[in-house]
Amino acid sequence: MIIDHPLLGPRDAAEFVYKGDASLIHRPDGMTATDDEMHDYVYLRDNPAGEHRELWYHEQGDRSWLVVTRNTLTHEISKVELARDVARAEGRGQ
Amino acid sequence: MRYSAWKIFKEGLTGNKGWTPAWREPEPKAEYDIVIVGGGGHGLSTAYYLAKEFGEKNVAVVEKGWLGSGNIGRNTTIIRSNYLLEGNQPFYEFSLKLWEGLEQDFNYNAMVSQRGILNLIHSDPQRDAFVRRGNAMRLSGADAEILGPAEIRKMCPFLDYDNARFPIQGAIWQPRGGTVRHDAVAWGYARGADARGVDIIQNCEVTGFLMENGTCTGVETAKGTIRAKKVAVCVAGSSSRVMEKAGMRLPIESHVLQAFVSEGLKPVIPGVITFGAGHFYVSQSDKGGLVFGGDIDGYNTYAQRGNLPVVEDVCEGGMAIMPMIGRARLLRMWGGVMDMSMDGSPFIDKTHIEGLYFNGGWCYGGFKATPASGYCYAHLLATDRPHDTAQHYRLDRFRRGAPIDEKGQGAQPNLH
Amino acid sequence: MSQPNRIDGGQIDRTHSLKFQWNERWMSGHPGDTLASALLANGVKLVGRSFKYHRPRGIFSAGSEEPNALVQLRKGAAQEPNTRATTVELFDGLYATSQNHRGSLEWDLMAANDLLAPFLSAGFYYKTFMWPKAFWEKLYEPVIRASAGLGRLSMWPDPDTYDHGYLHCDLLIIGAGPTGLAAALAAGRSGARVILADEDFTPGGRLNAETYEVSDTPGSAWAENAVAELAAMDNVRLMTRTTVYGAYDHGIYGALERCTDHLAKSDGKPRQVLWRIYSKRALLAAGAIERSIAFGNNDRPGIMLAGAVRAYVNRFGVAPGRHVAVFTNNEDGLRTAVDLRAKEIEVTEVDARKGDMIVDTKGRKGVHSVILSNGRTVPVDCVAVSGGWSPTVALACHHRGRPEWREDIEGFVPADDLPPGMTVAGAANGTMTLGACLSDGHERGVALAAELGAHGSSGAVALASDETFEIKPFWHVADAKPRAWVDLQNDVTTKDVRQSHAEGFRSVEHLKRYTTLGMATDQGKTANILGLAVMAETSGKTIPETGTTIFRPPYNPVAIGAFAGRARGKDFRPYRLTPSHKWAEENGADFVETGMWLRAQWFKQPGEKGWRDSVDREAAAVRRSVGICDVSTLGKIDIQGRDAAEFLNRIYSNPFLKLPVGKVRYGLMLREDGIAYDDGTTARLSENHFVMTTTTANAITVFRNMEFARQCLWPDLDVHLISTTDGWAQFAVAGPKSRPLLQKVVDDLDLSNDTFPFMACTECSVFGGTPARLFRISFSGELAYEIAVPARFGDSMIRGLMAAGEEFDAVPYGTEALGVLRIEKGHAAGNELTGQTTAQNLGLGGMVSKKKDAIGLKLSERVEMNRHDDLRLVGFKPKDRAVLLTAGAHFLTPGDPADMAHDQGWMTSVAYSPELGHSVGLGYLKRGGERMGETVRAYSPVRNQDIMVEVCSPHHIDPVGERQRG
């Protein structure tokens, strides 16, 4: 597979390490979260057959985390974003 | 029809014209006591044991494709009981014992072949871990030995002992491990279940669950509504997709595991061999093909096919320990969808929805579990109590903080 | 050395002769021959035996689809099993033998199987060999396995090398037949960057095998000219002997180039190159493969595909027979008769479209006659069969595409579910006539080049006549009494297909798996459609209703060595060497693989007999005076920023906000699931600058996880991370004499306990100006330091330290002594940090803060992870002090049965303690903290050990820590 890195251009997927669903960005605050919220965050996944937003880490490159939107049936990649931008846009900033 | 050498002889003399179908092709009835969703290995063995061991005669298996089209039809055929943890090892040892009497039990030669499994050791910490594992196996009643290089060399003179990047320092050896002709397992269970009255309904996809007052009372299928007192889901590779129809999210990600077979070769590999410093395992089929594999590709997918980096990684592992396979040709590579759980261990449990049961999350270890998974699932369905050996495979174990994590990788499914 | 079947014409070089050996007999051929054509030229008909029945078999095809003519090529370590004689280029000195027979090829003892065929029908082995139970593994299976497989591995390491290469192009054209050449000419002339790959050694495809004319020149000459024109284009790369074997994601194709297989020796060059081709577009122009018709005894040597007969006659100048029966259901097959007659070969036409059939053949080791449906027996020495052509759709279906049936050509063509970026043209797409293929290729070439932005002049389309392609579905001779083969290699007959149906194996996948149809080395290239057709007919369905199996890579088999490339032997993975590696080599170090690292495990001194002598000496020296160990492999992470302390406080389970500048703190990391993950020390060099160490094993993943936390969880914290593991050489200097030693080394720094106490750190310089960092931390429990210098000074540093330590009897120590020291002291390491244990289990429950949010804290509170009877890390000593403990032993309460229900834990690490004079261990024991002084059983059946051990504190030496603080 080829991931079109937003800063570096097309890169072979072998340069990246995969983590999983981009929902992992939304870690509940451990001081306020309920047991169920933390459990669901760590353990449950939508695991869709189709479009999937997921985290890839450019370990053999610039070490940025990316949010890649990829279809799990066809492997077609429709969007690649810097995870930090996504995290901020989705309210992880202070 | 009972299969035997005599039957083959008789049929051979009369033009092989007397063979009858191994199973019926029934239309679904309006209602069953138990409907099993998924006609793969686990679903068929569940049906078989329900009928045979628990006296459940009013059972249907609904399968979206052809029976045995799940991961039972595309795996690397290894059986073993070399697990470490208390939550796992007794279950897999129970499974291995069921394998050992299976063919006589269901009158089908699935070629259970206990030629042994050899896990190579390449470092001191790995030896310590394998000694711990071997002792756990022995405590569970299984067989295990730790071998030194000299003993391994006797068994497998073709391994690279002299020029290896990660020298072979020993191995854990389970003589009772081995391989089984995978398709025949599905066929044997299907035939045995069918003969005991189970309806196996092929080409019948489940499109939804029938819910009444929060209780699951049947399934909607491509062939109409089928009511059931209990619905037992058992759909490796589709667990999340199917359970989503019941509104459940699972602690599962679906990944692809590639597997490989070489052209047929005269026998060279005695049993199963696994590389301890890379991702490679191999056995040789009775037809002569080297059957091998390695790690999962590592990203969520339902595509049933993988990519080249893992192909190369696996072959590198092969060449690292047995450079004599270099000129053997890889004939076919395929990918199967693995429902990877959050701790690498499976689930056999009732769900929070009355009448709905779930069996899944087998990662890439489901094949060897086929008999015990079916038996324990049948036990649960028939008695509403977990079988002793499967009592830890609960859906709430993460909530309680009791993962069964053989590899110690935590909630990162692609590392299990 | 005559070649009795050599005839005029063809594209072989008759000016040169090549000698080769077949089954120890010397024969000759010419450059341009394949082994198959040379064997035919020499009158060899019988070349192999079938898999199951050991039926005599001959050459069936002229290409890589060959099911029968598989040979063992070359000798010694270079021998290669299952090699298709039809693709082997003849070279001088070639050596080949036949395979899969016991006794000679001519008199194969295993041919007895053929007589037992009625008892060996489809799936027979599933129904027997079950009684008595023990006989399967002892008798039946060994017999079956002995007859498994075809060729043999040499059992020697592959003597050749293989390379991997990466290519990029606009347009990859797969197949250099008429379609591919026309497309490459058009796209190449337009200016697109083109790769044209073909598996043959002579491009041209069927143009070389047929007598067609293109643009008024012979087809093969036109192909030669086209190749010459393409070769002159800078933007075109023509790759012959290159099989594109797989279509992967995002336009990536796998291809195998055979570089030296056509030579007698590799001479140090890579034998093959495995290419990964990154393409923007791909054009599949892979042509079509002919298939057979099933009739009685249609498997005899001398019975071959009609197109192959034409290839041997037209391309190779070989007559496969002198009297040939042509059995066809289509117009193309009849061309064989025309071509053969042109070479004055006698022909009997049997046209199924007219109701004529061959119902049986005679001639066990070579066909000598055919029996026709009209009862007539015709003496022949070759039968040319054509059941039509199947488009080569494999690559189009590698993304699980399902091809569509086209009735006009009686074949499957690719549907619109192609791999993204792929187009299919020519015969692969069901365009079965030459003129149409040439214009199809040209138009696709122009269009694809334009899509890719290349708009140069594409030139004119080559012209050829379009013969009619007329086919009438005719698959098998239904009333053939003798067996009629569908899959030649795996011995699947029409009866097997029918039996499969009768037994309920009706899905196409069941058919394949039950009968093994299409599972041989040729993957059923000439057989699958035929099998489908027979199944469709038996079940009363159409062929498209019956469906096809999934096409999987590789298109043709690829050597495992090629996939592995250079990564084998010592080059399997790179070595990481520590900064003191060279010095260690000079000083008697014995090295050990630690992940990718190579570390010194001990330094052997003269007179030491075994490793224990060295390790005991090193460990004792540390406790007595001072030792030096390279610990550069520990992960090192530089952490800077205004929020660095806050960030660390969220990463570690214990508090980090108030760590003073100039101090080091031991930190414990949990995974988010609350399990203990990694430990190490973090030093605060200044307000906003921290330096972290991680374990060697987790160096990469800890950094990855911290970057995740930084970028994804808390993107607004002002903190930056750099992995500096390779940037610094770090040495542990441990032992009572470490202070005076280091005092000599550091510049202007007072190391007295008051000014530089335990857990102090500082940036400093050594040896008069070399920048350094000094940490007063101890893994051994002794007074100890770790000193780091930029990695480029690592070699000088170890030499300087050893020189400075001479007066204190300083010794270097390796990883083994390091292990002894930390086990004596009771520090957890990899054997304890298994990823399965909690901080509580480790006895570090106090390090899990309840007052903050950090990774893993929340889930570490779950009930099952806080059970009172949980495992606890404690120490062990053997009751009989002379006994050596073994790691991996399980603990049992004396008197309890040895089973899993009574398992009490396990021994994680053991060492012989030279300080204490006996073996010591660490291990997890249920309720371990409450069981000090208790005797438990350490049970290790796999090591044949079953001993009593005493539970004790894990801190075998200096439990209160006086030494390290001294």
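Note that the structure is predicted; figures quoted are calculated from it, not measured.

Definitions and cut-offs
- Residues numbered from 1 in each chain as written.
- Chains lettered and ligands numbered in written order.
- Predicted model: local features only at pLDDT ≥ 70, side-chain atom pairs only at ≥ 80, totals over all residues.
- Heavy atoms only, no water.
- Helix = DSSP H or I, 4+ residues; strand = E, 2+ residues; numbered from the N terminus.
- Buried < 20%, exposed > 50% of the residue type's maximum accessible area, 1.4 Å probe, protein only.
- Contact = heavy atoms within 4.5 Å.
- Buried area = accessible area lost by both parts, 1.4 Å probe.
- Salt bridge = Lys/Arg side-chain N within 4 Å of Asp/Glu carboxyl O.
- Polar contact = N/O pair within 3.5 Å; in protein donor to acceptor, adjacent residues only side chain to side chain.
- Phe/Tyr/Trp six-rings, centres within 6.5 Å; stacked < 30°, edge-to-face > 60°.
- Axes fitted to C-alpha atoms, helices over the stretch in contact; angles between N-to-C directions.
- Parallel < 35°, antiparallel > 145°, perpendicular 65-115°, else oblique.
- Left-handed = near helix turned anticlockwise from the far one by under 90°.
- 1 Å grid on protein atoms, 1.4 Å probe; cavity = no way out; pocket = protein on both sides within 12 Å on 5 of 7 lines; lining within 4 Å.
- Points joined across faces, edges and corners; volume = space filled by probe spheres on them.
- Core = buried A, V, L, I, M, F, W, Y, C linked by side-chain atoms within 4.5 Å.
- Domains from an automatic or database assignment.
- Pairing = 2+ DSSP bridges.

K.L.:
Before we go on, may I ask you to explain unusual backbone geometry in this structure?
P.N.:
Peptide bonds are, in most cases, trans, and in most cases residues other than glycine have a negative phi. Residue and element names in this part refer to chain C. Put simply, Trp131 and Pro132 share a cis peptide bond, and its omega is -20°. Here Pro132 lies in the loop between helix H2 (112-115) and helix H3 (135-146). Following Pro553, the chain continues into Pro554 via a peptide bond in cis, with omega recorded as -5°. The residue Arg241 is not glycine, and still its phi comes out positive at about 50°.

K.L.:
Would you mind going over helix H6 (residues 306-314) of chain C with me for this structure?
P.N.:
Each α-helix winds once per 3.6 residues, and so residues spaced three or four apart point in a common direction. For H6(C), the tally of buried residues reaches nine of nine residues, placing the bulk of the element in the interior. By the burial criterion, the buried members of H6(C) are C:Ala306, C:Gly307, C:Ala308, C:Val309, C:Arg310, C:Ala311, C:Tyr312, C:Val313 and C:Asn314.

K.L.:
Please clarify how the interface of chain B and chain A should be interpreted in this entry.
P.N.:
Listed per partner, the contact involves 24 residues of chain B and 25 residues of chain A. Between chain B and chain A, a total of about 2,100 Å² is buried, with carbon and sulfur atoms accounting for 48% of that surface. Its largest share of buried area at the contact with chain A, chain B owes to B:Arg249, B:Asn300 and B:Arg399, together 30% of the area lost on that side. A salt bridge links A:Asp36 to B:Arg399, with the nearest nitrogen and oxygen atoms 2.6 Å apart. Viewed at the interface, chain A and chain B are joined by 18 residue pairs in polar contact (both at pLDDT 80 or more). Elements represented by at least two residues in the side of chain B that touches chain A include exactly helix H7 (239-244), strand S12 (252-264), strand S15 (289-300) and helix H10 (397-400) of chain B.

K.L.:
Looking at this structure, how should I read the packing of aromatic side chains?
P.N.:
Each aromatic ring pair is characterised by the separation of its centres together with the angle its planes make. All names here are of chain C. Inspection of every chain in the model, using the stated rule, returns 57 aromatic pairs over all chains. Considering the side-chain rings of Tyr245 and Phe563, the 5.5 Å spacing of their centres and the 85° angle between planes classify their relative orientation as edge-to-face. One end of the pair, Tyr245, is in strand S13 (residues 242-247); the other, Phe563, is in helix H13 (residues 560-564), with 318 residues separating them in the sequence. For the pair Tyr245 and Phe563, a shared accessibility class is recorded, and that class is buried. Here Phe295 and Phe327 contribute two aromatic rings whose centre-to-centre distance is 5.3 Å and whose plane-to-plane angle is 70°, an arrangement assigned as edge-to-face.

K.L.:
Mind showing me how you'd approach the interface of chain C and chain B here?
P.N.:
Interfaces are often sized by the accessible area lost when the parts come together. Taken together, the contact pairs 122 residues of chain C with 118 residues of chain B. Taking both sides of the interface into account, the surface hidden between chain C and chain B amounts to around 10,500 Å²; carbon and sulfur atoms contribute 55%. For the pair chain C and chain B, the interface holds 14 salt bridges. One salt bridge in this structure joins B:Asp183 and C:Arg513, with 2.9 Å as the shortest N-O distance.

K.L.:
Can you help me understand the packing of helix H4 (residues 178-190) of chain C against helix H8 (residues 434-451) of chain C in this one?
P.N.:
Helices that pack against each other are described as a pair by the angle of their axes relative to one another and the distance between those axes. Residues and elements named next belong to chain C. Between H4 and H8, the shortest axis-to-axis distance is 7 Å and the interhelical angle comes to 30°. Relative to H8, the element H4 lies roughly parallel. Between H4 and H8 lies a crossing of right-handed hand. Seen from H4, the contacting residues are Pro178, Thr179, Ala182, Ala183, Ala186, Ala187 and Ser190; seen from H8, they are Leu434, Cys437, Leu438, Gly441, His442, Gly445, Val446 and Ala449.

K.L.:
Hey, could you run me through empty space enclosed by the protein in this one?
P.N.:
Which parts of space are left empty comes out when a probe the size of a water molecule is rolled across the atoms. Residues and elements named next belong to chain C. Taken as a whole and judged by the stated rule, the model has 12 cavities of 30 Å³ or more. Taken as a whole, the largest cavity encloses approximately 540 Å³ of empty space. Surrounding the largest cavity, 29 residues form its lining, Gln523, Gly524, Lys525, Asn528 and Phe551 being those nearest its centre. For the lining of the largest cavity, the elements supplying multiple residues, two or more each, are strand S24 (389-391), helix H10 (508-515) and helix H11 (528-539).

K.L.:
Mind showing me how you'd approach the nonpolar core here?
P.N.:
One recurring pattern in soluble globular proteins: nonpolar side chains tend to sit buried together. The biggest cluster of nonpolar side chains holds 119 residues, and the ones touching the most others in it are B:Phe91, C:Trp22 and C:Leu35. Of the residues forming this core, the biggest block, nine residues, is contributed by helix H9 (residues 366-383) of chain B. Both of domain 1 (1-157) and domain 3 (292-387) of chain C provide at least three residues apiece to this core. By size, the runner-up hydrophobic cluster in this structure holds 71 residues, among which are B:Cys204, B:Met248, C:Leu659 and C:Phe703.

K.L.:
It is not clear to me how the sheet that holds strand S37 (residues 676-686) of chain C should be interpreted in this structure. Could you clarify?
P.N.:
Working definition: the strands of a sheet are paired by backbone hydrogen bonds and lie parallel or antiparallel to each other. Residues and elements named next belong to chain C. Spatially, the five strands line up as an open sheet ordered S36-S37-S38-S35-S39, and their pairing is antiparallel. The outermost strands of the open sheet, each flanked by one partner alone, are strand S36 (664-670) and strand S39 (720-723). Strand-to-strand twist across the sheet, computed as the mean angle between neighbouring axes with direction ignored, equals 25°. Two strands pair when backbone bridges link them, and strand S35 (residues 635-640) and S39 are joined in this way by four bridges, in the antiparallel orientation. Counted as the bridge partner of Ile639 is Leu721 from S39. In the packing of helix H16 (residues 644-651) onto the sheet, contacts are made with S35, S36, S37, strand S38 (689-694) and S39, and the angle to S38 comes to roughly 25°. Here helix H17 (residues 699-713) sits on the sheet in contact with S35, S36, S37, S38 and S39, set at roughly 165° to S39.

K.L.:
How should the side chain of B:His379 be read in this particular structure?
P.N.:
All names here are of chain B. Topologically, His379 is positioned in helix H9. Here the side chain of His379 touches Arg385 through a polar contact of 2.9 Å, landing on its backbone oxygen. What His379 contacts, discounting residues up to four positions off in sequence, is Phe54, Asp384, Arg385, Pro386 and His387.

Scope: geometric values only; no functional claims are made or implied.
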